[in-house]
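What the coordinates show
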Amino acid sequence: MIVGVGGQGTLLTSRILGKLAIEAGYDVKLSEVHGMAQRGGSVVTFVRYGEKVAEPIVEEGQADVLIAFERLEALRYLHFLKKDGVVVVNDWRIDPITVVTGAASYPDGIIERLKKDHPVIAVEAMAEAQKLGTTKAFNVVVLGAAARHMTFSKEQWLHVIETTVPPKTVEINRKAFEAGYSLSV
C-alpha cells in the first residue's frame with residue numbers, strides 16, 4: 001500500500017512497483033484512490049501481486065508493506081498493515097486543510113506511535129533528495145528504502161525505474177533510489 005498527499009508521486013511509485021511485479025512474472029492488480037489529490041488530500045494506491053490476484057483492493061490488516069510519503073498519512077492508514085508488516089515512512093509533515101484552518105491539530109509523536117506495533121523505517125527523504133539537488137525525487141528515495149523489504153533484486157528495481165520515469169529524470173531517479181536503498185540497511 002502506498003499513501004501520500006496529492007503531488008507526492010504516489011501514482012508513479014505504484015506504477016513502478018506494478019511494472020516490477022509484472023516483469024517478475026506475477027499477476028498484478030492496481031487500484032488508485034485519488035481523494036482530493038489536487039488540493040493536497042490523501043492519495044492511496046494498492047498494488048497487489050501474486051500467482052493469481054482476484055481483486056486490486058488490499059483489505060484492512062492485509063498489507064505487507066505500507067509506504068508513506070508523509071507521516072500523518074502513515075498513521076491514517078496503519079490499520080491496513082498486517083501484524084508483521086513493515087512501515088516505510090518519509091519523516092515529513094504536510095498539514096492537512098483541517099490543520100491549516102485551525103479545525104484540528106497535527107498529532108505529536110507519530111513515528112513513535114507507528115513503532116508501537118510494527119517495524120518502522122523512517123527516512124528523511126526530502127533531505128536525501130536535497131543532497132541530490134532536487135526534492136522532486138524524494139518519493140524514489142522512500143521507494144529505495146522500501147525495496148529492501150520486498151523480494152525483488154536491486155537490479156530489477158533499477159531497470160524498471162529506468163524504463164518508467166521520464167528519460168530526462170532517469171539519472172536523478174537512479175541516484176535517489178540508491179540513496180534510499182542504502183538508508184535501510
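Refer to the preceding data block for the structure.
Below is a summary of the structure that appears in this document. All values reported here derive from a predicted model rather than from experimental measurement. (Residues numbered from 1 in each chain as written. Predicted model: local features only at pLDDT ≥ 70, side-chain atom pairs only at ≥ 80, totals over all residues. Heavy atoms only, no water.)

1. Considerations on the pairing of strand β4 (residues 63-68)
Note the threshold: Burial here depends on accessible area, computed with a 1.4 Å probe over protein chains only, as a share of the maximum for the residue type. Under 20% is buried, over 50% is exposed, and the range in between is partly exposed. A run of DSSP states H or I qualifies as a helix once it reaches four residues; a run of E qualifies as a strand once it reaches two. Both are numbered from the N-terminal end. For two strands to be treated as a pair, DSSP must find no fewer than two bridges joining them. Handedness of a crossover: with both strands directed away from the viewer, a clockwise path from the first strand across the helix to the second marks it as right-handed.
A large share of β4 lies buried, amounting to five of its six residues. Here strand β1 (residues 2-5) pairs with β4 via two bridges, running parallel. Note that in β4 the partner of Val3 across the bridge is Ala68. Relative to strand β5 (residues 81-90), β4 runs parallel, the two sharing five bridges. Paired with Ile67 across the strands is Val88, a residue of β5. As a crossover connection, the stretch from β4 through helix α2 (residues 71-76) into β5 is right-handed.

2. A few points about helix α5 (residues 125-132)
Which entries qualify depends on this criterion: Throughout, the arc means the angular range of directions from the helix axis out to the C-beta atoms. Two residues form a contact once any of their heavy atoms are found within 4.5 Å.
Taken together, the buried positions of α5 are occupied by Ala125, Met126, Glu128 and Ala129. Projected down its long axis, α5 shows its buried positions confined to an angular sector of 160 degrees, all on one face. In α5, the exposed positions angled more than 90 degrees off the buried face are occupied by Gln130 and Lys131. Buried residues in α5 make contact with β5, β6 (120-123), α6 (138-147) and α8 (170-183). Immediately beyond the C-terminal end of α5, within one or two residues, lies Gly133, with a positive phi of roughly 100 degrees.

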